[in-house]
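# Remarks on the overall topology
For reference, the chains in residue letters:
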Amino acid sequence: MLTSEPHQQAGRWTAVAFLLTAFAAPNLALAQDPPPPWIRMTVVDVEPRLVDEFLVAQRELAALEKEAGVPWRNVSRTAVFGDAYRFLIMTPLEAFSGLDRPGRADAERVGVESRVERVVTGRTSLALRATPQIDHALPEDEEPSLTLVQLVFVVPGREQDYLRVMAEEVLPHFAEADMHHRSGAITLGGEAGYVHFFHVGNFAALDQGSPMIRALGAEGAQEVMARLAGVTRSSEQWLVRYLPDASYLPEPETEEDRP
(Lines give C-alpha, C1' and ligand atoms only; values in the text may rest on other atoms or scores of the structure.)
Protein backbone atom coordinates (compact mmCIF):
# COMPACT_ATOMS: atom_id res chain seq x y z
CA MET A 1 0.00 0.00 0.00
CA LEU A 2 1.35 3.42 -0.94
CA THR A 3 1.88 5.95 1.85
CA SER A 4 1.69 9.69 1.43
CA GLU A 5 4.81 11.74 2.11
CA PRO A 6 3.31 13.53 5.18
CA HIS A 7 2.47 10.15 6.68
CA GLN A 8 5.98 8.91 5.98
CA GLN A 9 7.39 11.97 7.74
CA ALA A 10 5.14 11.37 10.73
CA GLY A 11 6.40 7.80 10.91
CA ARG A 12 10.00 8.97 10.83
CA TRP A 13 9.37 11.51 13.58
CA THR A 14 7.72 8.78 15.70
CA ALA A 15 10.83 6.64 15.35
CA VAL A 16 13.08 9.59 16.24
CA ALA A 17 10.93 10.41 19.26
CA PHE A 18 11.24 6.82 20.47
CA LEU A 19 15.01 6.88 20.24
CA LEU A 20 15.23 10.21 22.02
CA THR A 21 12.97 9.17 24.89
CA ALA A 22 14.29 5.62 25.19
CA PHE A 23 17.96 6.47 25.47
CA ALA A 24 17.94 9.96 26.94
CA ALA A 25 18.84 10.03 30.62
CA PRO A 26 15.45 10.22 32.41
CA ASN A 27 16.53 12.65 35.08
CA LEU A 28 16.49 16.25 36.16
CA ALA A 29 20.25 16.69 36.10
CA LEU A 30 22.20 19.02 33.85
CA ALA A 31 22.73 17.86 30.28
CA GLN A 32 26.52 17.84 30.63
CA ASP A 33 26.47 15.41 33.55
CA PRO A 34 27.60 11.85 32.70
CA PRO A 35 24.65 9.60 31.85
CA PRO A 36 23.43 7.37 34.69
CA PRO A 37 24.18 3.65 34.51
CA TRP A 38 22.02 0.90 33.09
CA ILE A 39 20.64 -2.03 35.10
CA ARG A 40 19.40 -5.34 33.78
CA MET A 41 16.39 -6.55 35.77
CA THR A 42 14.92 -10.00 35.14
CA VAL A 43 11.73 -11.31 36.72
CA VAL A 44 11.71 -15.12 36.73
CA ASP A 45 8.91 -17.55 37.56
CA VAL A 46 10.05 -21.03 38.63
CA GLU A 47 8.38 -24.43 38.64
CA PRO A 48 7.42 -24.88 42.33
CA ARG A 49 8.75 -28.42 42.71
CA LEU A 50 12.12 -27.42 41.20
CA VAL A 51 12.83 -24.29 43.27
CA ASP A 52 15.69 -25.93 45.17
CA GLU A 53 17.42 -26.80 41.90
CA PHE A 54 17.00 -23.21 40.74
CA LEU A 55 18.53 -21.86 43.95
CA VAL A 56 21.56 -24.15 43.66
CA ALA A 57 22.12 -22.97 40.09
CA GLN A 58 21.82 -19.31 41.12
CA ARG A 59 24.49 -19.74 43.78
CA GLU A 60 26.78 -21.25 41.14
CA LEU A 61 26.03 -18.42 38.71
CA ALA A 62 26.84 -15.86 41.40
CA ALA A 63 30.29 -17.41 41.85
CA LEU A 64 30.90 -17.50 38.09
CA GLU A 65 29.78 -13.90 37.56
CA LYS A 66 31.91 -12.61 40.41
CA GLU A 67 34.92 -14.45 39.01
CA ALA A 68 34.16 -12.95 35.57
CA GLY A 69 34.27 -9.43 37.01
CA VAL A 70 30.57 -8.53 37.13
CA PRO A 71 30.61 -5.72 39.75
CA TRP A 72 27.53 -6.78 41.71
CA ARG A 73 24.52 -9.09 41.65
CA ASN A 74 21.20 -8.86 43.49
CA VAL A 75 18.81 -11.83 43.66
CA SER A 76 15.62 -11.70 45.74
CA ARG A 77 12.46 -13.76 46.12
CA THR A 78 8.85 -12.82 46.73
CA ALA A 79 8.15 -12.76 50.46
CA VAL A 80 4.74 -13.90 51.77
CA PHE A 81 2.53 -11.87 49.40
CA GLY A 82 2.31 -12.61 45.69
CA ASP A 83 3.75 -15.47 43.67
CA ALA A 84 5.96 -17.39 46.11
CA TYR A 85 7.98 -18.83 43.21
CA ARG A 86 8.94 -15.52 41.62
CA PHE A 87 12.53 -14.23 41.71
CA LEU A 88 14.04 -10.86 40.86
CA ILE A 89 17.58 -10.83 39.44
CA MET A 90 19.49 -7.59 38.87
CA THR A 91 22.97 -6.99 37.48
CA PRO A 92 24.69 -3.94 35.99
CA LEU A 93 24.42 -3.54 32.22
CA GLU A 94 27.72 -1.84 31.58
CA ALA A 95 27.42 -1.53 27.78
CA PHE A 96 24.90 -2.69 25.22
CA SER A 97 27.79 -3.46 22.86
CA GLY A 98 28.62 -6.45 25.05
CA LEU A 99 25.41 -8.07 23.83
CA ASP A 100 26.77 -7.93 20.26
CA ARG A 101 30.00 -9.71 21.18
CA PRO A 102 29.18 -12.49 23.62
CA GLY A 103 32.52 -14.15 22.97
CA ARG A 104 33.18 -17.84 23.28
CA ALA A 105 30.67 -19.51 25.57
CA ASP A 106 32.05 -20.72 28.87
CA ALA A 107 31.23 -24.42 29.11
CA GLU A 108 30.65 -24.34 32.86
CA ARG A 109 28.32 -21.35 32.63
CA VAL A 110 26.39 -22.89 29.71
CA GLY A 111 25.85 -26.02 31.79
CA VAL A 112 24.51 -24.04 34.77
CA GLU A 113 22.26 -21.87 32.58
CA SER A 114 20.79 -24.93 30.87
CA ARG A 115 19.79 -26.26 34.29
CA VAL A 116 18.11 -22.91 35.03
CA GLU A 117 16.18 -23.01 31.75
CA ARG A 118 14.72 -26.40 32.61
CA VAL A 119 13.05 -25.09 35.77
CA VAL A 120 11.91 -21.62 34.59
CA THR A 121 8.27 -21.21 33.55
CA GLY A 122 8.37 -17.51 32.68
CA ARG A 123 10.89 -14.72 32.26
CA THR A 124 10.72 -10.96 31.63
CA SER A 125 13.90 -8.95 31.17
CA LEU A 126 13.98 -5.15 31.41
CA ALA A 127 16.67 -2.54 30.82
CA LEU A 128 16.43 0.13 33.51
CA ARG A 129 18.13 3.51 33.42
CA ALA A 130 19.21 4.37 36.96
CA THR A 131 17.96 7.63 38.47
CA PRO A 132 20.65 8.42 41.09
CA GLN A 133 19.54 12.04 41.48
CA ILE A 134 16.37 10.94 43.29
CA ASP A 135 17.84 7.97 45.18
CA HIS A 136 18.56 7.62 48.88
CA ALA A 137 20.56 4.43 48.46
CA LEU A 138 21.72 1.99 51.09
CA PRO A 139 25.36 2.31 52.18
CA GLU A 140 27.58 0.34 49.81
CA ASP A 141 28.56 -2.19 52.48
CA GLU A 142 24.99 -2.86 53.68
CA GLU A 143 23.00 -5.75 52.26
CA PRO A 144 19.30 -5.16 51.59
CA SER A 145 16.88 -7.42 53.44
CA LEU A 146 13.15 -6.92 52.88
CA THR A 147 12.32 -4.60 49.97
CA LEU A 148 9.05 -3.24 48.63
CA VAL A 149 9.22 -3.28 44.83
CA GLN A 150 6.80 -0.99 43.03
CA LEU A 151 6.29 -0.93 39.26
CA VAL A 152 4.50 2.17 38.01
CA PHE A 153 3.42 2.37 34.38
CA VAL A 154 3.27 5.88 32.98
CA VAL A 155 1.40 7.41 30.05
CA PRO A 156 3.97 7.67 27.21
CA GLY A 157 5.32 11.20 27.03
CA ARG A 158 4.56 11.95 30.69
CA GLU A 159 7.69 10.35 32.16
CA GLN A 160 9.28 13.64 33.17
CA ASP A 161 6.03 14.85 34.78
CA TYR A 162 5.92 11.70 36.88
CA LEU A 163 9.58 11.94 37.82
CA ARG A 164 9.21 15.59 38.84
CA VAL A 165 6.36 14.86 41.29
CA MET A 166 8.25 11.92 42.76
CA ALA A 167 11.50 13.90 43.10
CA GLU A 168 9.96 17.04 44.58
CA GLU A 169 6.89 15.91 46.52
CA VAL A 170 7.04 12.18 47.32
CA LEU A 171 10.52 10.76 47.79
CA PRO A 172 11.89 13.54 50.04
CA HIS A 173 9.54 12.32 52.79
CA PHE A 174 11.07 8.84 52.55
CA ALA A 175 14.57 10.28 52.82
CA GLU A 176 13.55 12.37 55.84
CA ALA A 177 12.26 9.19 57.48
CA ASP A 178 15.63 7.58 56.60
CA MET A 179 13.97 4.95 54.42
CA HIS A 180 16.51 4.06 51.78
CA HIS A 181 15.28 3.69 48.22
CA ARG A 182 16.46 3.42 44.63
CA SER A 183 14.65 3.76 41.32
CA GLY A 184 15.06 3.01 37.64
CA ALA A 185 13.28 4.03 34.45
CA ILE A 186 11.89 1.16 32.37
CA THR A 187 13.51 1.81 29.02
CA LEU A 188 13.52 -1.48 27.10
CA GLY A 189 11.48 -4.66 27.53
CA GLY A 190 8.21 -3.28 28.89
CA GLU A 191 5.73 -0.44 29.06
CA ALA A 192 6.93 3.09 29.86
CA GLY A 193 7.33 3.55 33.58
CA TYR A 194 9.55 3.30 36.64
CA VAL A 195 10.57 0.69 39.18
CA HIS A 196 11.05 1.82 42.79
CA PHE A 197 12.82 -0.22 45.45
CA PHE A 198 11.98 0.80 49.04
CA HIS A 199 14.18 -0.91 51.64
CA VAL A 200 11.74 -1.45 54.48
CA GLY A 201 14.06 -3.79 56.38
CA ASN A 202 11.39 -5.92 58.07
CA PHE A 203 7.64 -6.44 58.17
CA ALA A 204 7.27 -4.40 61.37
CA ALA A 205 8.25 -1.29 59.39
CA LEU A 206 5.08 -1.69 57.33
CA ASP A 207 2.97 -1.14 60.45
CA GLN A 208 4.21 2.46 60.56
CA GLY A 209 2.61 3.28 57.21
CA SER A 210 3.92 5.46 54.40
CA PRO A 211 6.41 8.21 55.38
CA MET A 212 4.55 10.58 53.05
CA ILE A 213 1.24 10.02 54.84
CA ARG A 214 2.95 10.41 58.22
CA ALA A 215 4.44 13.72 57.09
CA LEU A 216 1.47 15.22 55.21
CA GLY A 217 -1.53 13.41 56.64
CA ALA A 218 -4.00 11.45 54.54
CA GLU A 219 -5.49 14.54 52.86
CA GLY A 220 -2.13 16.08 52.05
CA ALA A 221 -0.84 12.83 50.60
CA GLN A 222 -3.99 12.50 48.53
CA GLU A 223 -3.44 15.97 47.09
CA VAL A 224 0.07 15.00 45.99
CA MET A 225 -1.12 11.78 44.39
CA ALA A 226 -3.91 13.67 42.62
CA ARG A 227 -1.20 15.51 40.69
CA LEU A 228 -0.36 12.22 39.06
CA ALA A 229 -3.89 11.85 37.64
CA GLY A 230 -3.55 11.39 33.90
CA VAL A 231 0.16 10.65 34.30
CA THR A 232 0.15 7.08 35.59
CA ARG A 233 -1.73 4.18 34.00
CA SER A 234 -1.38 1.38 36.54
CA SER A 235 0.94 -0.01 39.17
CA GLU A 236 1.78 -3.19 41.00
CA GLN A 237 3.90 -3.97 44.02
CA TRP A 238 5.25 -6.87 45.98
CA LEU A 239 7.70 -7.60 48.76
CA VAL A 240 10.94 -9.43 48.09
CA ARG A 241 13.59 -10.85 50.39
CA TYR A 242 17.27 -10.60 49.45
CA LEU A 243 19.09 -13.92 48.93
CA PRO A 244 22.72 -13.38 50.03
CA ASP A 245 23.87 -16.83 48.87
CA ALA A 246 22.97 -15.96 45.26
CA SER A 247 24.06 -12.30 45.43
CA TYR A 248 27.07 -10.16 46.23
CA LEU A 249 27.81 -6.49 46.87
CA PRO A 250 30.22 -4.30 44.87
CA GLU A 251 33.81 -4.22 46.07
CA PRO A 252 34.47 -1.26 48.41
CA GLU A 253 35.93 1.77 46.67
CA THR A 254 39.63 2.36 47.32
CA GLU A 255 41.71 5.53 47.14
CA GLU A 256 42.99 4.45 43.71
CA ASP A 257 39.41 4.21 42.41
CA ARG A 258 38.56 7.81 43.32
CA PRO A 259 39.11 10.49 40.67
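Bear in mind that the values here come from a model prediction, so they are computed numbers and not experimental data. For every chain, the first residue of the written sequence is number 1, and numbering continues from 1 along that sequence. Given that the model is predicted, a residue must reach a pLDDT of at least 70 before its local features are reported, and side-chain atom pairs must reach 80 or more before they are shown or counted; all residues, however, enter totals for whole chains, interfaces and linings. The side-chain values count all of the structure's non-hydrogen atoms but skip hydrogen atoms and water molecules.

### With respect to the pattern of salt bridges
Selection rule: Any Lys or Arg side-chain nitrogen found within 4 Å of a carboxyl oxygen on Asp or Glu counts as a salt bridge. Comment: elements are numbered from the N terminus, with helices defined as DSSP H or I runs of at least four residues and strands as E runs of at least two. Categorising residues by exposure relies on relative accessible area from a 1.4 Å probe, with only protein chains included: less than 20% of the type maximum marks a residue as buried, more than 50% marks it as exposed, and the intermediate range marks it as partly exposed.
In the structure shown here, the tally under the stated rule is 12 salt bridges. Residue Arg86 pairs with Asp45 through a salt bridge whose shortest N-O separation is 2.9 Å. Here Arg86 is found in strand 3 (residues 86-93), whereas its partner Asp45 is found in strand 1 (residues 38-46), with 41 residues between them in sequence. You can call Asp45 buried: its relative accessible area is 19%. Linking Glu65 and Arg109 is a salt bridge whose minimum nitrogen-to-oxygen distance equals 3.0 Å. With Glu65 in helix 2 (residues 51-67) and Arg109 in helix 3 (residues 107-119), this residue pair connects regions lying 44 residues apart in the sequence. With a relative accessible area of 27%, Arg109 lands in the partly exposed category.

### Side note on the packing of aromatic side chains
Rules: Each pair of aromatic rings taken from Phe, Tyr and Trp, with Trp reduced to its six-membered ring, is defined by centres within 6.5 Å and is described as stacked if the planes are under 30 degrees apart, edge-to-face if over 60, and tilted in the remaining cases.
Summed over the entire model, instances satisfying the criterion amount to 4 aromatic pairs. Ring centres of Phe54 and Phe87 lie 4.7 Å apart, and the angle between their planes is 45°; on these two criteria the pair is classed as tilted. One end of the pair, Phe54, is in helix 2; the other, Phe87, is in strand 3, and 33 residues separate them in sequence. By the burial criterion, Phe54 is buried, and Phe87 matches it. Ring centres 4.8 Å apart and planes at 35° place the aromatic pair Phe174 and Phe198 in the tilted group.

### Regarding the pairing of strand 6 (residues 181-188)
Definition in use: If DSSP finds at least two bridges between two strands, the strands pair.
For strand 6, a buried count of 6 out of 8 residues is recorded, marking the element as mostly surrounded by other parts of the structure. In this sheet, strand 6 lies alongside strand 4 (residues 120-130) in antiparallel orientation, the contact comprising 4 bridges. The residue bridging Ala130 from the neighbouring strand is Gly184, located in strand 6. Bridge count for strand 6 against strand 7 (residues 193-199) is 6 bridges, and the pairing is antiparallel. Looking across to strand 7, one finds that Arg182 is bridged to Phe197. Where strand 6 folds back onto strand 7 in an antiparallel hairpin, the turn is made up of 4 residues, including Gly189, whose phi is positive at roughly 100°.

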